[in-house]
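Working through the structure, step by step
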Amino acid sequence: MISLASPWALLLFPLPLLVMRLLPPVRALGNALVVPGTVSRRLAGDETGRSLLRLWAVPTLLWVSLVVGLAGPRVVVPSLAAPVSGREIVLAIDLSGSMVTPDFELNGAKAPRVDVVKEVASSFVRGRKGDRLALVLFGSDAYFATPQTYDVEAVASAIEEAVIGISGRATGISGALGLALRRLDETEARSKVVILLSDGVNNSGAVRPRDAAQLAAELGVRVHTIALGPDDYAEGTRVQQGGVDTQTLRAIARISGGESFRVKTTEDLRRVAEEIDRLETDARDGPAAEHYRDLWVWPGLLAFVLALVLLLDRRRVA
């Protein structure tokens, strides 16, 4: 069904008649004899039908075409409903100094942890169509690299462009979790999730990670934690610089009702991404968006052709 984007424009239809009625008649200048248009055209040899067409039909149709085009005729185009999940997900990714440790493999070669996380996390995000995602990057401090958005490509690009050290080189797990919770508390989503990835020990901020996890539980936010790195402080062995505190990360997940994962290799991280994808699957169709196909171009094109006809006709008569 055709509708109008600006129906008020139809009020312009009587404008030429109002102008003709309200403006004073043109007064002759000098001693020239003013001859009515019909007489002058008869003297010039014009046919009456042709002159009437030029006088009324073409200009009238031109004006009607312009007004109709200005009113913006359009039709609704059916579109498939976009998938939505009603779920908010915040990815909190550790960018502390230890993430440059080259103890993972990527494409058959040794690679820093951050490069592996970028590849797997960006791929995971691109598969989350229907979720509203946000990205928190943290080191000593935490900040939102992207706000909540359905634009998964924008979040994936922000992950790929992340730089070590931009937020400090310490590990502020509590600060990252607190920042994510504060933003999630402002939404009315029925499912709120934080995916927290860290390769170190919380050594920045005054709040304990377990207290932040308790707050997450009170707010109804599940926190899935990923402990990244081959060395683990919980195993009781001597750990070199870059060990991960899996015990604390497990406690965060347990207290908040989420799942905890241990990652020692690139393949482990890929499997974890697939597992979280299965845990957080609840896609459904949302309301279909209304899209319009504009039709103003056709009356506009007709007006252009009629104006061209009048111009050529005037040049011929002249």
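Please refer to the structure higher up on the page.
My aim in this report is to walk through the structure given alongside it, one point at a time. Note that the structure is a prediction, hence the values are computed from the model and not measured.

What about the overall build of the protein?
On a plain count of helices and strands, the protein comes out with 10 helices and 13 strands. Counting every position in the protein, which comprises 318 residues, the buried fraction comes to 40%. Within the protein, contacts between residues separated by at least 24 positions form 79% of all contacts whose residues are at least 6 apart in sequence. Carbon and sulfur atoms form 59% of the exposed surface of the protein, whose accessible area is close to 18,300 Å².

Some remarks on the packing of helix α4 (residues 113–126) against helix α5 (residues 152–160)
Two quantities define a packed helix pair, namely the angle between the axes and the distance from one axis to the other. Relative to each other, α4 and α5 sit at 175°, their axes nearing to 8 Å. Taken together, the axes of α4 and α5 are roughly antiparallel relative to one another. Touching Lys 118, Ala 121, Ser 122, Val 125 and Arg 126 of α4 are Val 152, Glu 153, Val 155, Ala 156, Ile 159 and Glu 160, all from α5. In the contact of α4 with α5, the residues fall into 6 nonpolar, 1 polar and 4 charged.

Points about unusual backbone geometry
One non-glycine residue, Asn 107, lies in the positive phi region at around 55°. Along the chain, Asn 107 turns up in the loop between β5 (104–106) and β6 (109–111).

With respect to the packing of α4 against helix α9 (residues 266–279)
Remark: α4 packs on α9, axes separated minimally by 10 Å, with the N-to-C direction vectors making an angle of 20°. Between α4 and α9, the crossing angle belongs to the class labelled roughly parallel. The handedness of the crossing between α4 and α9 comes out as right-handed. Note on element contacts: α9 touches α4 through Thr 266, Leu 269, Arg 270, Ala 273, Ile 276 and Asp 277, opposite Val 116, Val 117, Glu 119, Val 120 and Phe 124. Residue classes in the contact of α4 with α9 are distributed as 7 nonpolar, 1 polar and 3 charged.

Details of the sheet that holds strand β2 (residues 73–77)
An order of β1-β2-β13 is seen for the 3 strands of this open sheet, with the pairing classed as antiparallel. Looking along the sheet, the strands with just one partner apiece sit at the ends: β1 (2–4) and β13 (291–294). Between one strand axis and the next, the sheet turns by 45° as a mean value, whatever way the strands run. Alignment of β2 against β13, held across 4 bridges, turns out to be antiparallel. If you follow Val 76 over to β13, its bridge partner there is Tyr 292.

Topic: a nonpolar patch on the surface
Together, Trp 296, Val 297, Trp 298, Leu 301, Phe 304, Val 305, Leu 308, Val 309, Leu 311 and Leu 312 line one region of the surface with nonpolar side chains, adding up to about 1,000 Å² of accessible area. Judged by relative accessible area, which is 45%, Trp 296 ranks as partly exposed.

Quick word on the packing of aromatic side chains
Evaluated as defined, the whole model comprises 0 aromatic pairs. Directly above the aromatic system of Phe 144 lies the positively charged group of Arg 183, at a separation of 4.0 Å from the ring centroid.

A few points about the pairing of β2
The pairing of β1 with β2 spans 3 bridges and is classified as antiparallel. Across the sheet, the residue bridging to Leu 4 is Pro 73, located in β2.

As for the sheet that holds strand β9 (residues 191–198)
A sheet is described by the order of its strands in space; here 6 strands give the open sequence β8-β7-β4-β9-β10-β11, paired in mixed fashion. Here the strands that pair on one side only, and so sit at the sheet edges, are β8 (142–149) and β11 (260–263). When the angles between neighbouring strand axes are averaged without regard to direction, this sheet yields 15°. The pairing of strand β7 (residues 132–138) with β8 spans 5 bridges and is antiparallel. Counterpart to Val 136 in the pairing with β8 is Phe 144. Against the sheet, helix α6 (residues 173–184) contacts β4 (87–94), β7, β8, β9 and β10 (221–228), and its axis sits at roughly 30° relative to β8.

Structural notes on the side chain of Thr 171
With respect to the helices, strands and loops of the structure, Thr 171 is situated in the loop between α5 and α6. Among the polar contacts made by the side chain of Thr 171, one reaches the side chain of Ser 96 at a distance of 3.4 Å. With sequence-adjacent residues up to four places away left out, Thr 171 is seen in contact with Asp 94, Ser 96, Phe 138, Gly 139, Ser 198, Gly 200, Val 201, Asn 202, Asn 203 and Ser 204.

Rules used throughout
- Residues numbered from 1 in each chain as written.
- Predicted model: local features only at pLDDT ≥ 70, side-chain atom pairs only at ≥ 80, totals over all residues.
- Heavy atoms only, no water.
- Helix = DSSP H or I, 4+ residues; strand = E, 2+ residues; numbered from the N terminus.
- Buried < 20%, exposed > 50% of the residue type's maximum accessible area, 1.4 Å probe, protein only.
- Contact = heavy atoms within 4.5 Å.
- Areas by Shrake-Rupley, 256 points an atom, 1.4 Å probe, with all protein chains shown as cover.
- Axes fitted to C-alpha atoms, helices over the stretch in contact; angles between N-to-C directions.
- Parallel < 35°, antiparallel > 145°, perpendicular 65-115°, else oblique.
- Nonpolar A, V, L, I, M, F, W, Y, C, P; charged D, E, K, R; others polar.
- Left-handed = near helix turned anticlockwise from the far one by under 90°.
- Pairing = 2+ DSSP bridges.
- Patch = residues over 30% accessible without salt bridge, like charges linked within 9 Å, V, L, I, M, F, W, Y side chains within 5 Å.
- Salt bridge = Lys/Arg side-chain N within 4 Å of Asp/Glu carboxyl O.
- Phe/Tyr/Trp six-rings, centres within 6.5 Å; stacked < 30°, edge-to-face > 60°.
- Lys NZ or Arg CZ within 6 Å of the ring centre and 35° of its normal.
- Polar contact = N/O pair within 3.5 Å; in protein donor to acceptor, adjacent residues only side chain to side chain.

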